[in-house]
Amino acid sequence: AAFFAFEACVGCYFPSIGTLRSKYVPDSHRSVIMNLFGIPLNALVVTVFLSIRKLGVSGALGVSTISLGLASASMIALNRMIGKKKEEA
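Keep in mind that this is a model prediction, so the values were computed, not measured. (Residues numbered from 1 in each chain as written. Predicted model: local features only at pLDDT ≥ 70, side-chain atom pairs only at ≥ 80, totals over all residues. Heavy atoms only, no water.)

Some remarks on the overall build of the protein chain
Now for step 1: Counting its regular elements, the protein chain contains 3 helices and 0 strands.
Now for step 2: The secondary structure elements of the protein chain, listed N-terminal to C-terminal, are α-α-α.
Now for step 3: A compact globule built from 89 residues should have a C-alpha radius of gyration of about 12 Å, whereas the protein chain, at 17 Å, is more than 25% larger.
Now for step 4: With the principal axes as the frame, the protein chain shows a C-alpha extent of 50 × 30 × 25 Å.
Now for step 5: The 89 residues of the protein chain split such that 6% are buried.
Now for step 6: Within the structure as shown, the protein chain displays about 7,700 Å² of accessible surface, and the carbon and sulfur contribution to it stands at 71%.
Now for step 7: Within the protein chain, one finds 9 positive and 4 negative side-chain charges whose respective centroids are separated by 9 Å. (Helix = DSSP H or I, 4+ residues; strand = E, 2+ residues; numbered from the N terminus. Rg over C-alpha atoms; globule rule 2.2 N^0.38 Å. Buried < 20%, exposed > 50% of the residue type's maximum accessible area, 1.4 Å probe, protein only. Areas by Shrake-Rupley, 256 points an atom, 1.4 Å probe, with all protein chains shown as cover. Lys, Arg positive; Asp, Glu negative; His and termini not counted. Charge placed at Lys NZ, Arg CZ, Asp CG, Glu CD.)

Below, the structure is given as structure tokens:
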């Protein structure tokens, strides 16, 4: 059941992020921007994997929770910026 829930989330995520990417990231700069955003993500993954013995499972899940919290805060900030631009127009 957990696998099906995961697959459902992934199935919703990729079309959604593709739509957002095409809407907000210009085509001429898309590859550069996506590669630059991939660098911190890969650095975080490597850091967590290299220090998994120190962190343990709860520490790794804590890092994941903090990362999801930052992503949520970024999403809220983007939504507010877009809302302000729509109100001005």
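Once the structure has been displayed, the description carries forward.
Notes on a nonpolar patch on the surface
Now for step 1: Together, L20, Y24, L78 and M81 make up a nonpolar patch on the protein surface, roughly 370 Å² of accessible area in all.
Now for step 2: Within the residue set of the nonpolar patch, elements represented by two or more residues are helix 1 (2–24) and helix 3 (52–88).
Now for step 3: Take M81: it is sitting in helix 3.
Now for step 4: Residue M81 is classed as partly exposed on the basis of its relative accessible area, which comes to 49%. (Patch = residues over 30% accessible without salt bridge, like charges linked within 9 Å, V, L, I, M, F, W, Y side chains within 5 Å. Salt bridge = Lys/Arg side-chain N within 4 Å of Asp/Glu carboxyl O.)

So, the environment of V25
Now for step 1: Within the element layout of this structure, V25 appears in the loop between helix 1 and helix 2 (30–50).
Now for step 2: Taking the relative accessible area as the measure of exposure, V25 reaches 16% and is therefore buried.
Now for step 3: Not counting residues up to four positions away in its chain, the partners in contact with V25 are L20, R30 and I33. (Contact = heavy atoms within 4.5 Å.)

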